[in-house]
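Each chain, letter by letter, is given below.
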Amino acid sequence: MKDILNLAVCQCGVVWEAPAENLRRLDVFIGGYLEQCREEERPDLMVLPEFFATGFTSDTSLAETVDGPSLRWMRKLAASSGAAVTGSVPTAEGGKVFNRMYFVCPDGRTEHYDKRHLFRMSGENDVFTPGAVRRTVDFLGWRIELNVCYDLRFPVWSRRTPEHDYDILLNVASWPARRMDAASILTYARAVENQSWTVFCNRVGDSPENSYSGGSLIVDFKGRSVGNFHSDGVTGAEGGFLRAGLDIRELRRFREKFPAWMDADAFTVGQ
């Protein structure tokens, strides 16, 4: 059990539909960050945005196999840094294509979650298959719920329950600048209603249809924004790392003192 989890949220730019270039840029970006970290600040978990290697594209020709280059890169980074790495990758499996969020541990253990809510306003639902299973990862004694972008708008899917208990709700996103007010409100709401940390990792830069302004957040169980932002323009203006040390003892004390979860309404999510 690790009482304090060091988190590094990678708010990076993404070159449109250029996975090899993006992975090279991320090597420089992350390598530089790790070099300047003091030992006590080194991350236990690094969070990358939705479709960090391609940008938010519906071009399924860019979908990777279940052991594709982006996942291999994540495994290599996790092993070399000693930190878990998470982010989403367009992934083809069984004749279907998923928006798949991987969680890769330093020892190579890999878990994944397929995005449930596909963004129909961009046609994502026309080319990707929705996931049907929530995923909570156990890491260093922490329970971490995986969540992708548009999922943030649907509180029932993300609700913390006895069957789906977690300490951190982790959302990786490609959320356009023009809708960032909504993203911020939703991140705070998910944290307060679930009495958990909620982490929102967003990209910066431009794609053919959208501009992205970052706005990544780490919000605690009381609805307070926490963390320090380390700016680094390697992957684009406003790029950098939002970092914080999360103390699970504080979370447990608050839940015991203010057990609002005991009065929550029961519900069942249909498949």
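Structure: see above.
All of the points below concern the structure found in this document. (Residues numbered from 1 in each chain as written. Predicted model: local features only at pLDDT ≥ 70, side-chain atom pairs only at ≥ 80, totals over all residues. Heavy atoms only, no water.)

## Topic: the packing of aromatic side chains
Argument step 1. The final tally for this structure, using the stated rule, is 13 aromatic pairs.
Argument step 2. Seen from their ring centres, Trp 197 and Phe 221 are 5.1 Å apart, and the 80 degrees between their planes marks the pair as edge-to-face. With Trp 197 in strand E9 (residues 197–202) and Phe 221 in the loop between strand E12 (217–219) and strand E13 (228–231), the pair connects residues that are 24 residues apart, well separated along the chain. Here the two residues Trp 197 and Phe 221 agree in accessibility, since each one is buried.
Argument step 3. An aromatic cluster is present here, built from Trp 142, Trp 197, Phe 221, Phe 254 and Phe 258 joined pairwise through their rings.
Argument step 4. The residue whose ring lies beneath Arg 116 is Trp 157, and the NZ or CZ to ring-centre distance is 4.5 Å. (Phe/Tyr/Trp six-rings, centres within 6.5 Å; stacked < 30°, edge-to-face > 60°. Helix = DSSP H or I, 4+ residues; strand = E, 2+ residues; numbered from the N terminus. Buried < 20%, exposed > 50% of the residue type's maximum accessible area, 1.4 Å probe, protein only. Lys NZ or Arg CZ within 6 Å of the ring centre and 35° of its normal.)

## With respect to the sheet that holds strand E4 (residues 96–104)
Argument step 1. Read from one edge to the other, the open sheet built from seven strands follows the order E5-E4-E3-E2-E1-E14-E13, with strand pairing classed as mixed. Looking at strand neighbours, the two that pair on one side only are strand E5 (110–114) and E13, the edges of this open sheet. Neighbour to neighbour, the strand axes of the sheet diverge by 30 degrees on average, direction disregarded.
Argument step 2. In terms of strand pairing, strand E1 (residues 4–11) meets strand E2 (residues 45–47) through three bridges, oriented parallel. Directly across from Val 9, in E2, lies its bridge partner Val 47.
Argument step 3. With respect to the sheet, helix H1 (residues 19–36) is in contact with E1, E2, E13 and strand E14 (240–247), its orientation differing from that of E14 by roughly 50 degrees. (Pairing = 2+ DSSP bridges. Axes fitted to C-alpha atoms, helices over the stretch in contact; angles between N-to-C directions. Contact = heavy atoms within 4.5 Å.)

## Description of the nonpolar core
Most often, soluble globular proteins have nonpolar side chains that are buried together.
Argument step 1. Counting 42 residues, the largest nonpolar core has Phe 103, Ile 144, Trp 175 and Ile 218 as its most contacted members.
Argument step 2. Membership of the second largest hydrophobic core comes to 25 residues, among which are Leu 23, Leu 26, Ala 83 and Tyr 102. (Core = buried A, V, L, I, M, F, W, Y, C linked by side-chain atoms within 4.5 Å.)

## Considering unusual backbone geometry
Argument step 1. Of note in this structure, Phe 51 is not a glycine but carries a positive phi near 50 degrees.
Argument step 2. One can find Phe 51 in the loop between E2 and helix H2 (69–81).
Argument step 3. Even without being a glycine, Cys 149 presents a positive backbone phi close to 40 degrees.
Argument step 4. Of note, Cys 149 is situated in the loop between strand E7 (142–148) and helix H4 (155–158).
Argument step 5. Assessed through its relative accessible area of 8%, Cys 149 is described here as buried.

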